[in-house]
2 protein chains.
Amino acid sequence: MRENFEKNLEELKSKITEMGELSIIALERSVKALKTQDVEIAIKTIEGDTAIDKLEVEINQFAIWIMAKEAPISRDLREIIGVLKISSEIERIADFAVNIAKSTIKIGQTTSLLEITHVEKMKDISIEMLRKALQSFLEENMVLAKEVGDLEDEVDQCSRENYKKLTTYLSEHPEETNQLVQLLFVNRYLERTADHITNIAESAAYLIKGQIYDFNS
Amino acid sequence: MRENFEKNLEELKSKITEMGELSIIALERSVKALKTQDVEIAIKTIEGDTAIDKLEVEINQFAIWIMAKEAPISRDLREIIGVLKISSEIERIADFAVNIAKSTIKIGQTTSLLEITHVEKMKDISIEMLRKALQSFLEENMVLAKEVGDLEDEVDQCSRENYKKLTTYLSEHPEETNQLVQLLFVNRYLERTADHITNIAESAAYLIKGQIYDFNS
């Protein structure tokens, strides 16, 4: 029974890792599409989301099956609940990549103004955060979980600077309204992406320490 | 055993109703604050979110406790999973009210430009949708679930019109950039609110018919 449970849990965790990798690809792709205003890559990002959604459904069904079958308690239950929460966070992170891709399509064929923002930096930090957050959960590493919280502050700082820069530029270049508004949305999506990655680190901390953490404040 | 299960399920459902009522209050309040640029009401909306978050945690813990204790199968399990999904959707809907309140605070004391948008109409339709979606789940009413999907199309239409109006106004009134950008965010939040309410109707349809529906397309 115990052995079975461990085996099932390992399978759940490997699916979480797979979801994480797919969402990192989605984030990379979406920002690349935005930078080069490449609508085809944007469409690829949107299409790739189906696999991530499918994985989330699989994880949910598998976790529920385990709960129904083995009625885990205390730490085991916390671990399964953690997997459920994390898969739903990753799904939302991937949705933000889809939103960025949709913004790219709305901007259309034009010269990208991305270089006036920290969007690429935010994407890089977010990917670093996601790797650390997942590793902290899978290896029960509290140090990594805390690092995620620190990195989130950097993303927030970038986001505030982007907001100022984009709105200032907007008031001076009304002819670029459409692209600038979409970039303001992208800025918001990446800020939210970092929030959700921080939630993963908080789930990891909850598993490790058995108490609720708030790395957002 | 059966009687116990039914009683527990009723309690879960009454908590869902309570969450729904609180999030309707939050939506009403947030748009009122935005309309009158009343920062105090905005702060009240943000503070009110704690009660909604707390209810979601209670529902989650209670549902997990029922699953661990009674290991429900087939329809009973679908009902509990439905409750879990719906509570997480309501929590997100309430978060959008908080986001609207935060936008109100960012806009600050100024003359509201809300009347050039359909924001209040979107809020009214969303509240109607939420009532119908919850009722469709609680009373297993498929007709109501479908009506939610139709109403979502109206919200999407409002959202598209708002986007056009606000960006056009923005390119003509750069001095109002800050407020207009925040109103563009609010427009997005309400569009997303309607999406999440539609997810509730889909959960209801899944419970009633045992198959997955997509009212979004």
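Residues numbered from 1 in each chain as written. Chains lettered and ligands numbered in written order. Predicted model: local features only at pLDDT ≥ 70, side-chain atom pairs only at ≥ 80, totals over all residues. Heavy atoms only, no water.

(A) Structural view of the overall build of chain A. Helices and strands together make up the secondary structure of chain A, namely six helices and zero strands. Helices (α) and strands (β) of chain A occur, in sequence order from the N terminus, as α-α-α-α-α-α. Compactness check: chain A gives a C-alpha radius of gyration of 19 Å against a globular reference of 17 Å for 217 residues, within 12% of the reference. C-alpha extents for chain A along the principal axes are approximately 65 × 35 × 20 Å. Going through the 217 residues of chain A one by one, you find that 56% of them count as buried. With an accessible surface of roughly 9600 Å², chain A has 51% of that area assigned to carbon and sulfur atoms. (Helix = DSSP H or I, 4+ residues; strand = E, 2+ residues; numbered from the N terminus. Rg over C-alpha atoms; globule rule 2.2 N^0.38 Å. Buried < 20%, exposed > 50% of the residue type's maximum accessible area, 1.4 Å probe, protein only. Areas by Shrake-Rupley, 256 points an atom, 1.4 Å probe, with all protein chains shown as cover.)

(B) Main features of the UniProt feature "domain: PhoU" (unreviewed entry) in chain A. Residue and element names in this part refer to chain A. In the UniProt entry, the feature "domain: PhoU" (unreviewed entry) is given for residues 16-103 and 119-203. In this annotation, residues 16-103 is assigned 94% helix and 0% strand; the end-to-end C-alpha distance for the span is 27 Å. Counting secondary structure, residues 119-203 comes out at 92% helix and 0% strand; the distance between its end C-alpha atoms is 26 Å. (UniProt positions renumbered as here; feature names shortened; annotations may be inferred.)

(C) Molecular detail of the interface of chain B and chain A. Each partner contributes to the interface: chain B provides 21 residues, whereas chain A provides 21 residues. Here chain B meets chain A over a buried area of about 2000 Å², counting both sides, of which 65% is carbon and sulfur. Of all residues in chain B, B:Tyr163, B:Phe185 and B:Arg188 give up the largest surface area on contact with chain A, accounting jointly for 24% of the area buried on that side. In this assembly, chain B and chain A are joined by zero salt bridges. Linking chain B with chain A are eight residue pairs in polar contact (both at pLDDT 80 or more). Residue assignment for the side of chain B that touches chain A shows that the elements contributing at least two residues are helix H2 (39-70), helix H3 (74-107), helix H5 (142-172) and helix H6 (177-209) of chain B. In terms of residue count, H6(B) provides more of the side of chain B that touches chain A than any other element does, eight residues in total. Here the residues of the side of chain B that touches chain A are counted per class, giving 13 nonpolar, six polar and two charged. (Contact = heavy atoms within 4.5 Å. Buried area = accessible area lost by both parts, 1.4 Å probe. Salt bridge = Lys/Arg side-chain N within 4 Å of Asp/Glu carboxyl O. Polar contact = N/O pair within 3.5 Å; in protein donor to acceptor, adjacent residues only side chain to side chain. Nonpolar A, V, L, I, M, F, W, Y, C, P; charged D, E, K, R; others polar.)

(D) Examining the relation of the copies chain B and chain A more closely. The two copies are related by a screw operation: chain B maps onto chain A through 180° of rotation and 0.0 Å of translation along the axis, at an RMSD of 0.0 Å. Both copies of the chain, as the preceding transformation shows, are related through a two-fold rotation axis. (Least-squares fit on C-alpha atoms with pLDDT ≥ 70 in both.)

(E) Structural view of the packing of aromatic side chains. Inspection of the entire model under this criterion finds seven aromatic pairs over all chains. Judged by centre distance (5.4 Å) and plane angle (85°), the ring pair of A:Phe185 and B:Phe185 falls under edge-to-face. Residue A:Phe185 is located in helix H6 (residues 177-209), and its partner B:Phe185 is located in helix H6; the two belong to separate chains. Both residues of the pair, A:Phe185 and B:Phe185, count as buried. Among the aromatic residues, those joined into a cluster by ring pairs are A:Phe96, A:Phe185, A:Tyr189, B:Phe96, B:Phe185 and B:Tyr189. Sitting over the ring of A:Tyr206, A:Arg78 keeps its end group 5.6 Å from the ring centre. (Phe/Tyr/Trp six-rings, centres within 6.5 Å; stacked < 30°, edge-to-face > 60°. Lys NZ or Arg CZ within 6 Å of the ring centre and 35° of its normal.)

(F) Up close: the pattern of salt bridges. All names here are of chain B. Per the counting criterion, the structure on display carries 30 salt bridges over all chains. Between Arg75 and Glu140 there is a salt bridge, with its nearest N and O atoms 2.7 Å apart. With a gap of 65 residues between them, Arg75 in helix H3 and Glu140 in the loop between helix H4 (119-138) and H5 connect regions that are remote in the sequence. Given a relative accessible area of 31%, Arg75 falls into the partly exposed group. The partner of Arg188 in a salt bridge is Glu191, and the shortest N-O contact between them spans 3.7 Å. Pair noted here: Arg188 and Glu191 are both in helix H6, with a separation of three residues, about one helical turn.

(G) Region of interest: the side chain of B:Ser103. Residue and element names in this part refer to chain B. Of note, Ser103 is situated in helix H3. Classification of Ser103 by relative accessible area gives buried; the value is 2%. At a separation of 2.8 Å, a polar atom in the side chain of Ser103 contacts the side chain of Gln182. With sequence-adjacent residues up to four places away left out, Ser103 is seen in contact with Gln182, Phe185, Val186 and Tyr189.

(H) Molecular detail of the UniProt feature "coiled-coil region" (unreviewed entry) in chain A. UniProt's feature table lists "coiled-coil region" (unreviewed entry) at residues 134-161 of chain A, given in the numbering used throughout. For residues 134-161 of chain A, the end-to-end C-alpha separation is 28 Å, with 89% helix and 0% strand making up the annotated structure.

(I) Summary view of the packing of helix H1 (residues 2-36) of chain B against H3(B). Residue and element names in this part refer to chain B. Relative orientation of the contacting elements H1 and H3 amounts to 15°, with a least axis distance of 9 Å. The angle between H1 and H3 falls in the class roughly parallel. Judged by the twist between their axes, the crossing of H1 over H3 is left-handed. Among the residues making up the contact of H1 with H3, the classes are represented as 20 nonpolar, five polar and five charged. (Axes fitted to C-alpha atoms, helices over the stretch in contact; angles between N-to-C directions. Parallel < 35°, antiparallel > 145°, perpendicular 65-115°, else oblique. Left-handed = near helix turned anticlockwise from the far one by under 90°.)

(J) Representation of H1(B). Over its 35 residues, H1(B) extends 51 Å from the first C-alpha to the last, a length consistent with the 51 Å expected when each residue adds 1.5 Å. Directly after H1(B), the chain includes B:Gln37, whose backbone phi takes a positive value near 45°. (Expected span 1.5 Å × (residues − 1).)

(K) How the structure looks around the environment of B:Ile16. Residue and element names in this part refer to chain B. In this fold, Ile16 is placed in helix H1. A relative accessible area of 1% means that Ile16 is categorised as buried. Residue contacts for Ile16: discarding those within four places in its chain leaves Ile59, Val83, Ile86, Ser87, Ile90 and Leu134.

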